[in-house]
Amino acid sequence: MPSEEPASAPVPEPPRRLLRDVAYEALLAAIVSGELAPGAKLSDVELAARLGLSRAPVRDALARLATERLVVSKPQSYTRVAPLVAEEIRGALAVVGAMHTLAVREALPRLKSDHLARMRTANTEFVRAVEAGDIATAIAADDAFHAVPVAASGNQPLADTVARYTPLLRRLEHQRFSGTAARASAARHEALIAACEAGDADRAAEISYEIWAELE
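One structure accompanies this document, and this report is about it.

Cut-off values and rules
Residues numbered from 1 in each chain as written. Predicted model: local features only at pLDDT ≥ 70, side-chain atom pairs only at ≥ 80, totals over all residues. Heavy atoms only, no water. Salt bridge = Lys/Arg side-chain N within 4 Å of Asp/Glu carboxyl O. Helix = DSSP H or I, 4+ residues; strand = E, 2+ residues; numbered from the N terminus. Buried < 20%, exposed > 50% of the residue type's maximum accessible area, 1.4 Å probe, protein only. Phe/Tyr/Trp six-rings, centres within 6.5 Å; stacked < 30°, edge-to-face > 60°. Lys NZ or Arg CZ within 6 Å of the ring centre and 35° of its normal. Axes fitted to C-alpha atoms, helices over the stretch in contact; angles between N-to-C directions. Parallel < 35°, antiparallel > 145°, perpendicular 65-115°, else oblique. Left-handed = near helix turned anticlockwise from the far one by under 90°. Contact = heavy atoms within 4.5 Å. Nonpolar A, V, L, I, M, F, W, Y, C, P; charged D, E, K, R; others polar. Polar contact = N/O pair within 3.5 Å; in protein donor to acceptor, adjacent residues only side chain to side chain.

Pairing between side chains of opposite charge can happen when their charged atoms approach one another. Using the criterion set out here, one finds 18 salt bridges in the structure. Among the salt bridges present, the one from D44 reaches R55, with a minimum N-O distance of 3.4 Å. Placement of the pair is D44 in helix α2 (residues 44–51) and R55 in helix α3 (residues 55–67), with a sequence separation of eleven residues. You can call D44 buried: its relative accessible area is 17%. Look at R55 and you get partly exposed, because its relative accessible area is 41%.

Next up on the list: the packing of aromatic side chains. Taken as a whole, this structure holds one aromatic pair when the rule is applied. Ring geometry for F126 versus F177: centroids 5.0 Å apart, planes at 80 degrees, classification edge-to-face. Residue F126 is found in helix α5 (residues 113–132), and its partner F177 is found in helix α8 (residues 170–177); the two are separated by 51 residues along the sequence. In this pair, the class of F126 matches that of F177, namely buried. Above the plane of the ring of Y24 lies R64, whose end atom (NZ or CZ) is 3.6 Å from the centre. Above the ring of Y78, the side-chain terminus of R80 is found at 4.3 Å from the ring centroid.

A separate point is α8. With seven of its eight residues buried, α8 lies for the most part within the structure. Buried within α8 we find R170, R171, L172, E173, H174, R176 and F177.

A word on the packing of helix α4 (residues 86–107) against helix α10 (residues 201–213). Contact geometry for α4 and α10: axes closest at 9 Å, N-to-C directions at 155 degrees. By the angle class used here, α4 and α10 are roughly antiparallel. Between α4 and α10 the crossing geometry is right-handed. Residues L93, V96, G97, H100, T101, V104 and R105 of α4 touch α10, and the partners they reach there are A201, D202, A204, A205, S208, Y209 and W212. Residues that form the contact of α4 with α10 fall into these classes: eight nonpolar, four polar and two charged.

Here R171 lies in helix α8. Of the polar contacts made by the side chain of R171, one reaches the backbone oxygen of A82; its length is 3.0 Å. When residues no more than four places from it in sequence are discounted, the contact partners of R171 are I31, V32, P38, L70, V81, A82, P83 and L84.

In structure tokens, the structure reads:
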């Protein structure tokens, strides 16, 4: 008798996205792009209708954006898109830049060829997105690039700090990646990869610092 072929394993379904995450991502994108401008009033009723969601996930998203200082609110009074406060942004930029520079130093001894390949792939996607004017994809590709040394560093407090303060810099990133300065970022990425490949921790840290300093 012919042998029975083993049954193929079922393909797992992708995890369902929580509605509060859907609302958060949509509102973050609108704030970062300027569609929801600094000072714009935010109504959970109007936003829920706009996004096709109930008010609960929208309120959750607004609360998260408030913790990230992209939304300001006063109970029973108003909820607005936060203004661009130069001092706050400079502080966040200093912290995030320092964390990424430290991540590169700590990650460098652990970086393997597959890490560098992921960084190159992310930078290629970054360049493609910038040339197409797809700023949201450019920001996502930039995140993917910098996430490699952050993850490789194995430093969870560092990763948590980056995640906490990066949202405050999104509007700066959007402005930079919308212009010709984005090409300089791509060149810096390539230089950082080369320094990591050469095992030059000082040069890699210097380039990482320059990448974030250029956002200001």
